[in-house]
Amino acid sequence: MQEIKERLVQDLKSATTAEQVEQIRVDYLGRKGSITTLAKSADFSKMSVEEKKSFGQRLNELKNFATAEISAAVEAFKASAIRRKTNDLDLTAPGKGRRLGALHPITLTQMELEDVFQGMGFSVLYGPEVESEYFCFEALNIPGDHPARDMQDTFWLKNQLILRTHTSANQVRTLQRFGAPIRAIFPGRCFRYEAVDPSHENTFYQCEGLVVDKNISVANLIATMKTILSQVFKRDVKVRLRPGYFPFVEPGFELDLNCLLCGGKGCPTCGDGWIELIPCGLIHPEVLRHGGIDPKEYSGFAFGVGLTRLAMMKFGIKDIRYLNCGDLRVNEQFTTLV
Ligand code: DAH
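Predicted, not measured: the structure shown is a model, and the values here were computed from it.

A. Quick peek at the side chain of Thr 167. By the secondary structure assignment, Thr 167 is in the loop between β3 (162-163) and α8 (170-178). Accessibility expressed as a relative area gives 0% for Thr 167, which makes it buried. At a separation of 3.3 Å, a polar atom in the side chain of Thr 167 contacts the side chain of Glu 208. In this structure Thr 167 touches Phe 186, Pro 187, Gly 188, Cys 190, Gln 206, Cys 207 and Glu 208, once residues within four positions along its chain are discounted.

Right, dumping it as structure tokens:
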């Protein structure tokens with residue numbers, strides 16, 4: 001028995017695979033295994049009661065020992081198999097990428113405009129998208145029967161409030177709240193009842209601007225616009241003013257930008273070398289009065305940048321509908337450009 005035990009220990013030590021351990025189990029504990037054979041071949045008739053008892057006890061101990069040692073070896077092989085599998089990890093394999101979010105092209109353009117204006121001492125203010133008729137129209141010299149209302153049809157809520165059609169709605173709000181002198185811009189989302197096509201959307205962005213102080217003239221307006229646009233387009237730009245009509249400015253203008261693509265010679269994008277970019281003008285005395293400002297003491301200018309339009313120009317986006325479509329591939333293209 002001692003000899004069998006020692007052999008078993010040796011055999012288990014030299015086993016290198018789980019299959020070999022299984023073979024050892026068969027060799028010792030199987031039907032023809034050495035321990036089983038030993039038990040069968042014992043001639044009990046020649047033994048005394050004492051000898052039988054002692055033999056049986058030692059045989060049991062040997063069986064238990066063999067069973068325990070073999071199952072311990074099996075467990076050890078299982079554990080090392082798992083360890084081997086883990087070691088198979090290929091650390092050079094490409095990982096599961098985590099996608100970085102990206103800012104929307106309009107957000108990027110808005111952030112840049114805010115930066116430039118803040119650098120010139122403007123405050124950045126945000127007004128409500130749900131607005132009253134008064135701030136959106138009446139306070140801007142557009143009474144209920146004015147034809148300008150037709151161009152800015154919008155969504156009416158049941159409580160008589162509306163979705164604002166332009167960021168100009170912030171002009172009188174701001175004047176009433178902060179008075180003069182003031183320099184501020186109001187970027188934000190606007191809404192109109194619009195048939196959607198490549199250049200029209202029912203939801204779009206503008207950035208309104210306002211300066212009220214003593215002795216503000218058209219010269220201040222032109223200089224400010226030129227400086228801003230040169231910074232946005234990162235080069236010296238040429239601008240021109242044409243007369244334009246808006247009920248809340250007098251005189252009112254269309255500010256055109258000398259085409260950056262053709263340098264003003266004329267091309268398919270601009271036509272005659274100029275791109276209509278920013279409607280603007282000197283604030284109408286009636287609007288100043290609504291804002292609680294005395295037009296004899298103060299004057300000012302206002303302008304409305306089409307933020308959506310500017311983003312489309314800046315990033316070469318040809319269809320306005322991409323901007324609201326919610327497809328992240330739109331955003332992902334532009335982040336690195338800034
Ligand atoms: N609010 C006008 C629009 O949405 C644009 C505009 C025109 C704004 C002239 C101004 C301005 O501040 O002076 O069509």
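B. Representation of the packing of helix α2 (residues 18-29) against helix α4 (residues 49-87) within the structure. Two elements in contact, α2 and α4, have axes separated by 9 Å at closest approach and are oriented at 170°. By the angle between their directions, the pair α2 and α4 is classed as roughly antiparallel. Within the contact between the two elements, α2 uses Ala 18, Val 21, Ile 24, Arg 25 and Leu 29 and α4 uses Lys 63, Ala 66, Thr 67, Ile 70, Ala 73, Val 74 and Phe 77. Among the residues making up the contact of α2 with α4, the classes are represented as nine nonpolar, one polar and two charged.

C. Main features of the packing of helix α5 (residues 105-119) against helix α11 (residues 307-315). Between α5 and α11, the shortest axis-to-axis distance is 9 Å and the interhelical angle comes to 100°. Here α5 is positioned roughly perpendicular relative to α11, judged by the angle of their axes. Facing α5, whose interface residues are Pro 105, Ile 106, Leu 108, Thr 109, Gln 110, Glu 112 and Leu 113, α11 presents Leu 307, Thr 308, Leu 310, Ala 311, Lys 314 and Phe 315. Across the contact of α5 with α11, the residue classes break down as eight nonpolar, three polar and two charged.

D. Representation of the pattern of salt bridges. Throughout the structure, instances matching the rule amount to 17 salt bridges. With its nearest N and O atoms 3.2 Å apart, the salt bridge here joins Arg 189 to Glu 129. Of the two residues, Arg 189 sits in strand β4 (residues 182-191) while Glu 129 sits in the loop between β1 (123-124) and β2 (130-131), which places them 60 residues apart along the sequence. The class of Arg 189 is partly exposed, set by a relative accessible area of 31%. Within the structure, one salt-bridge network assembled from shared partners comprises Arg 240, Arg 242, Asp 256, Asp 272 and Glu 276.

E. Spotlight on the environment of Asn 202. With respect to the helices and strands, the residue Asn 202 is situated in the loop between β4 and β5 (203-213). A sequence separation of 47 residues divides Asn 202 from Phe 155, and the C-alpha atoms of the two residues are 9.6 Å apart. Sequence-distant contacts of Asn 202, defined by excluding residues within four places in its chain, comprise Phe 155, Cys 190, Phe 191, Arg 192, Glu 194 and Val 196. Looking at Asn 202, its side chain comes within polar contact range of the side chain of Thr 203, at 2.9 Å.

F. Quick look at the nonpolar core. If you look at the biggest cluster of nonpolar residues, it comprises 39 residues, and the most contacted ones within it are Leu 113, Leu 229, Ile 278 and Phe 303. Taken together, the elements giving at least two residues each to this core come down to α5, β5, α9 (218-233), β7 (249-258), β8 (274-283), β9 (299-306) and α11. Residue contributions to this core peak at six residues, all from α9. Look past the residues within four positions of Leu 229 in its chain and what remains in contact with it is Lys 234, Val 237, Val 239, Leu 255, Leu 257, Leu 277 and Ile 278.

G. A look at the site of the ligand. Lining the immediate surroundings of the ligand are 16 residues, of which His 166, Ser 168, Arg 192, Gln 206 and Glu 208 lie closest. Burial of the ligand by the protein amounts to 93% of the accessible area it has alone, namely 350 Å². Elements represented by at least two residues in the shell around the ligand include exactly β5, β8 and β9. Residue classes in the shell around the ligand are distributed as seven nonpolar, seven polar and two charged.

H. Seen up close, the pairing of β5. In terms of burial, β5 is a largely internal element, nine of the eleven residues being buried. Here ten bridges tie β4 to β5, and the two strands are oriented antiparallel to one another. Note that in β5 the partner of Pro 187 across the bridge is Cys 207. With eight bridges joining them, β5 and β9 adopt antiparallel strand pairing. Bridge pairing in β9 links Glu 208 to Gly 304.

I. Examining the side chain of Glu 201 more closely. For Glu 201, the position within the fold is in the loop between β4 and β5. Buried within the structure, Glu 201 lacks any salt-bridge partner; its nearest side chain of opposite charge belongs to Arg 321, at an N-O separation of 6.7 Å. Within the structure, Glu 201 has its side chain in polar contact with the side chain of Asn 324 (distance 3.4 Å). Not counting residues up to four positions away in its chain, the partners in contact with Glu 201 are Glu 194, Val 196, Ile 320, Arg 321 and Asn 324.

Parameters and conventions
Residues numbered from 1 in each chain as written. Predicted model: local features only at pLDDT ≥ 70, side-chain atom pairs only at ≥ 80, totals over all residues. Heavy atoms only, no water. Helix = DSSP H or I, 4+ residues; strand = E, 2+ residues; numbered from the N terminus. Buried < 20%, exposed > 50% of the residue type's maximum accessible area, 1.4 Å probe, protein only. Polar contact = N/O pair within 3.5 Å; in protein donor to acceptor, adjacent residues only side chain to side chain. Contact = heavy atoms within 4.5 Å. Axes fitted to C-alpha atoms, helices over the stretch in contact; angles between N-to-C directions. Parallel < 35°, antiparallel > 145°, perpendicular 65-115°, else oblique. Nonpolar A, V, L, I, M, F, W, Y, C, P; charged D, E, K, R; others polar. Salt bridge = Lys/Arg side-chain N within 4 Å of Asp/Glu carboxyl O. Core = buried A, V, L, I, M, F, W, Y, C linked by side-chain atoms within 4.5 Å. Near = heavy atom within 4 Å. Areas by Shrake-Rupley, 256 points an atom, 1.4 Å probe, with all protein chains shown as cover. Pairing = 2+ DSSP bridges. Lys, Arg positive; Asp, Glu negative; His and termini not counted.

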